[in-house]
Amino acid sequence: MTSDSTATHPTALREVFVGGPFLQLVDPKTGLMSDSDRLKFHRLIEHFEQRGATVYNAHRREAWGAEFLTAPEATKRDYLEISRSDLFIAFPGVPASAGTHVEIGWASALRKPMVLMLEKEQKHTFLVTGLENQANVEFIWFADPTEIYAHLDTAVERVLARSGERTTIG
Ligand code: 5HM
């Protein structure tokens, strides 16, 4: 018998950054994201927090639209949080989220293990779908966000196992 809490989750994840479309999901009338969009991020955040990780996520930090930071403050915090994270995970978004694509560029250059969740049968930019040979990334393709969870832990394990290996970017 072992008291090692990592026994059931062999990979220790300390800090995780969760990114994805934000501005386009904020309803101009209410100034807030819808409940279903919040739930999509909330479930992902919870998944990693239940595994003991500290999760950085702007949507929650900025109260789902109610407490937007200034652009310079959000940019600074996101860059610092991605820099310190062991894992970057994001929805690039359909339509593409401009901010998330900037973050994917940062995470690639910082050589962060990345998991990107892409929507099946939708258009995604070549510079994301072509990232596989350039950066440490796993893609999860989904039609419905609930499908993500069957593949998530395996994708995370794979990128973490490869971290430290040389990639073209960085
Ligand atoms: O361009 P868009 O809003 O979709 O960019 C979303 C990404 O930018 C998120 O992953 C989030 O980390 C960051 N972001 C932020 O931190 C975006 C906005 C609004 O554009 C914000 N804070 N207020």
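Look a little higher up for the structure.
The present account deals with the structure reproduced in this document. Since the structure is predicted, the reported quantities are computational estimates derived from the model, not experimental observations. (Residues numbered from 1 in each chain as written. Predicted model: local features only at pLDDT ≥ 70, side-chain atom pairs only at ≥ 80, totals over all residues. Heavy atoms only, no water.)

**Some thoughts on the overall build of the chain**
Logical step 1: Looking only at helices and strands, the chain has 6 helices and 7 strands in total.
Logical step 2: For 170 residues, the compact-globule formula gives about 15 Å, and the C-alpha radius of gyration of the chain, at 16 Å, lands near that figure.
Logical step 3: Overall, the chain is about 55 × 35 × 35 Å in size when its C-alpha atoms are taken along their principal axes.
Logical step 4: A burial count over the chain gives 42% of its 170 residues as buried.
Logical step 5: Counting only contacts in the chain whose residues sit at least 6 apart along the sequence, the fraction spanning at least 24 positions is 67%.
Logical step 6: Here the chain contributes 18 positive and 23 negative side-chain charges, whose respective centroids are spaced 4 Å apart. (Helix = DSSP H or I, 4+ residues; strand = E, 2+ residues; numbered from the N terminus. Rg over C-alpha atoms; globule rule 2.2 N^0.38 Å. Buried < 20%, exposed > 50% of the residue type's maximum accessible area, 1.4 Å probe, protein only. Contact = heavy atoms within 4.5 Å. Lys, Arg positive; Asp, Glu negative; His and termini not counted. Charge placed at Lys NZ, Arg CZ, Asp CG, Glu CD.)

**Re the site of the ligand**
Logical step 1: In the vicinity of the ligand there are 17 residues, among which Glu 62, Asp 78, Ser 97, Gly 99 and Glu 103 approach most closely.
Logical step 2: Here Gly 20 contributes a backbone N or O atom positioned 3.1 Å from an oxygen atom of the ligand.
Logical step 3: Arg 61 is positioned such that a nitrogen or oxygen atom in its side chain is 3.1 Å from an oxygen atom of the ligand.
Logical step 4: About the coverage of the ligand: the protein hides 86% of its 470 Å² of free accessible area.
Logical step 5: Judged by its atoms lying within 2 Å of the grid points, the ligand is housed in the largest pocket.
Logical step 6: Its residues placed into classes, the shell around the ligand shows 8 nonpolar, 5 polar and 4 charged. (Near = heavy atom within 4 Å. Polar contact = N/O pair within 3.5 Å; in protein donor to acceptor, adjacent residues only side chain to side chain. Areas by Shrake-Rupley, 256 points an atom, 1.4 Å probe, with all protein chains shown as cover. 1 Å grid on protein atoms, 1.4 Å probe; cavity = no way out; pocket = protein on both sides within 12 Å on 5 of 7 lines; lining within 4 Å. Sits in = over half its atoms within 2 Å of the grid points. Nonpolar A, V, L, I, M, F, W, Y, C, P; charged D, E, K, R; others polar.)

**Examining the side chain of Ser 97**
Logical step 1: Within the secondary structure layout, Ser 97 lies in the loop between strand S5 (87-90) and helix H4 (98-109).
Logical step 2: Taking relative accessible area as the criterion, Ser 97 reaches 6% and is therefore assigned buried.
Logical step 3: Only 2.7 Å separates the side chain of Ser 97 from the side chain of Thr 100, close enough to count as a polar contact.
Logical step 4: Discounting residues that sit within four places of it in the chain, Ser 97 has contacts with Gly 20, Pro 21, Gln 24 and Pro 92.

**Side note on the layout of surface pockets**
Logical step 1: A volume near 530 Å³ is recorded for the largest pocket.
Logical step 2: Secondary structure elements with two or more residues in the lining of the largest pocket: strand S1 (15-19), helix H2 (58-61), helix H3 (71-84) and H4.
Logical step 3: Top contributing element to the lining of the largest pocket by residue count: H4, with 6 residues.
Logical step 4: Classifying every residue of the lining of the largest pocket gives 13 nonpolar, 9 polar and 3 charged. (Points joined across faces, edges and corners; volume = space filled by probe spheres on them.)

**Details of the pattern of salt bridges**
Logical step 1: A complete count under the given rule lists 11 salt bridges for this structure.
Logical step 2: A salt bridge links Arg 60 to Glu 49; the shortest N-O distance between them is 3.0 Å. With Arg 60 in helix H2 and Glu 49 in helix H1 (residues 35-49), this residue pair connects regions lying 11 residues apart in the sequence.
Logical step 3: On the basis of relative accessible area, Glu 49 is assigned to the partly exposed category, the value being 35%.
Logical step 4: Notably, a salt bridge pairs Arg 158 with Glu 138, separated by 3.5 Å at the nearest N-O pair. (Salt bridge = Lys/Arg side-chain N within 4 Å of Asp/Glu carboxyl O.)

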